Amino acid sequence: MNGPTGVPREDFASDNHAEAHPAVLAAVTAAARGPAPAYGGDRWTAAAEAGLRELAGPTAVPLLVFDGTAANVLGLSVLLGPGDAIVCADNAHCAVDECGAVEAMLGRKLLLAPAPDGKLTPAAIEAVLGRCTDVRTPRPSVVALTQVTELGTCYTLEELAALRELCDRKGLRVYLDGARLANAVAHLGCTVADIARFADALSFGFTKNGALGADALLLMTSGIAERAPYLRRQQGQLASKMRYLAVQVNALLDGGLWLDNARHANSMATRLAADLEVVPGVRPAHPVQSNAVFVELPPPATDRLRKRWTLHPLPAGATRLMTSHATGRTDVSELVADVAASLT
């Protein structure tokens, strides 16, 4: 929607709505000059893979893909064997927001565990395992975590360690959906490697962090990467002009721009939550630990707001407000003012 000057304003429906970062656009334009080897044989892809290894660890095997759903499907396919199933939170992105992509493309069942704050617990996983005891039920072999969760919360490193300990003890592999991994790193004050060491495979999202459309899959455990390039090709995720994915990643890795963008988005969410907290009639729904703010508003107020803003109401009644690298303080102030006006 347009602001009062007619210029399109930032909206808070999704960080996917944000424009690409200028550095990314400049990098794509620069890479468009002249020919380059196809299918990842170019110097930009080599640089992106080296940069990702520097962040995640020297043994990481990076594979670039077009988006987060592609990374999830590919990452899970690498970890699954015949008859295997996936344990995930009942509100996980792969369970509720990807049109059944994992189940449709891989033919594997998602075993849902309750996660009221978005985070799986060892007890919730063990309860699922207790229901799968013989050949009549699918065999859980992978636990899929989401960092940041769908409710904007972050697993602490201690929580990840506890989950990894359980999975190792039960013979389960760990996949981590990191579509907003940058925001988790910014919130926790840790490194990518600090989180990646708890996963056998994880995605590293750049699309929500300023890219036009590029994400990475990182394979962390020795011995699982051999089939991955073939599976990526089969699943339609081996870009012929890979340089255009790679230069987006390079632009965001350069100088730590990916982390600067995540810190800014998180700080705007913190500011938004603090400003909304003092507005009578607004109730926070979940802790703010990333770039997501969940609030409960009376339905009439939400209806009035949607005439001026693109919003993302949830079935449970809360409204999700997402900030991004492009969110400014003026955007936050205008939204808060309109929220207050909608409640009068």
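The sections below set out a description of the structure shown in this document. Since the structure is predicted, the reported quantities are computational estimates derived from the model, not experimental observations.

1. Let's talk about helix 6 (residues 122-131)
At step 1: Of all the positions in helix 6, only Ala124, Ile125, Val128 and Leu129 are classed as buried. For helix 6, the angular spread of the buried residues around the axis is 140°, confining them to a single face.
At step 2: Buried residues in helix 6 make contact with strand 2 (84-89), strand 3 (110-113), strand 4 (139-146) and helix 7 (157-170).

2. Concerning the nonpolar core
At step 1: Counting 94 residues, the largest nonpolar core has Leu52, Leu64, Ile125, Phe204, Phe206 and Trp258 as the members making the most contacts within it.
At step 2: Ignoring any residue separated from it by four or fewer positions in sequence, one finds Trp258 in contact with Leu55, Ala182, Val185, Val192, Phe204, Phe206, Asn209, Leu252 and Leu253.

3. Some remarks on the packing of aromatic side chains
At step 1: What the rule picks out here adds up to three aromatic pairs.
At step 2: Both rings, one in Phe204 and one in Trp258, keep their centres 5.5 Å apart while their planes meet at 80°; by these two values the pair is edge-to-face. With Phe204 in strand 6 (residues 201-205) and Trp258 in helix 12 (residues 257-277), the pair connects residues that are 54 residues apart, well separated along the chain. Each of the two residues, Phe204 as well as Trp258, counts as buried.

4. Details of the sheet that holds strand 3
At step 1: Read from one edge to the other, the open sheet built from seven strands follows the order 1-7-6-5-4-2-3, with strand pairing classed as mixed. The open sheet has two edge strands, strand 1 (61-65) and strand 3, and neither has a second partner. Within the sheet, the average angular offset between the axes of one strand and its neighbour, ignoring direction, is 25°.
At step 2: Across five bridges, strand 6 lies against strand 7 (residues 215-219) in antiparallel orientation. Paired with Leu202 across the bridge in strand 7 is Leu218.

5. Some thoughts on the packing of helix 1 (residues 22-31) against helix 11 (residues 243-253)
At step 1: Where helix 1 meets helix 11, the axes come as close as 8 Å, and the angle between the chain directions of the two elements is 140°. With respect to helix 11, the axis of helix 1 lies oblique. The chirality of how helix 1 crosses helix 11 is right-handed. In contact with Ala23, Val24, Ala27, Val28 and Ala31 of helix 1, helix 11 contributes Arg243, Tyr244, Val247, Gln248, Ala251 and Leu252.
At step 2: The residue makeup of the contact of helix 1 with helix 11, split by class, is nine nonpolar, one polar and one charged.

6. Quick word on the sheet that holds strand 11 (residues 318-322)
At step 1: Taken in spatial order, the four strands make up an open sheet running 8-9-11-10, and their pairing is antiparallel. Because the sheet does not close on itself, it has two edges, and the strands there are strand 8 (283-284) and strand 10 (312-313).
At step 2: When strand 8 meets strand 9 (residues 292-296), the two strands line up antiparallel, connected through two bridges. Paired with Pro284 across the strands is Val295, a residue of strand 9.
At step 3: The strands touched by helix 12 are strand 9 and strand 11; relative to strand 9, the strand with the most contacts, the crossing angle is about 20°.

The rules behind each value
Along every chain, residues carry numbers that run from 1 in the direction the sequence is written. In keeping with the predicted nature of the model, local features appear solely for residues at pLDDT of at least 70, side-chain atom pairs appear and are counted solely at 80 or more, and the whole-chain, interface and lining totals rest on all residues. Computation of side-chain values covers all heavy atoms of the structure but excludes hydrogens and water. Residue burial is assigned from relative accessible area. The probe radius is 1.4 Å, only protein chains are included, and a residue is buried under 20% of its type maximum, exposed over 50%, and partly exposed in between. Helix and strand labels come from DSSP, where a helix needs a run of H or I of at least four residues and a strand needs a run of E of at least two; each type is numbered from the N terminus. Read the arc as the range of directions from the helix axis to the C-beta atoms. Here a residue-residue contact requires only that any non-hydrogen atoms of the pair lie within 4.5 Å. The set of buried Ala, Val, Leu, Ile, Met, Phe, Trp, Tyr and Cys residues whose side-chain atoms join them within 4.5 Å is what this entry labels a nonpolar core. In this scheme Phe, Tyr and Trp rings, the latter by its six-membered ring, pair at centre separations within 6.5 Å, and the angle between planes marks the pair as stacked below 30 degrees, edge-to-face above 60, and tilted otherwise. If DSSP finds at least two bridges between two strands, the strands pair. Only the stretch in contact is used when fitting a helix axis, every axis being a line fitted to C-alpha atoms; angles between N-to-C directions are given from 0 to 180 degrees. For this classification, under 35 degrees means roughly parallel, over 145 means roughly antiparallel, 65 to 115 means roughly perpendicular, and everything else is oblique. If you view the pair so one helix is near and one far, a crossing is left-handed when the near helix is turned anticlockwise from the far one by less than a right angle, and right-handed when it is turned clockwise. In the scheme used here, Gly and all other residues not listed as nonpolar or charged are polar, with Ala, Val, Leu, Ile, Met, Phe, Trp, Tyr, Cys and Pro taken as nonpolar and Asp, Glu, Lys and Arg as charged.

Function cannot be inferred from these measures alone, as they are strictly geometric.
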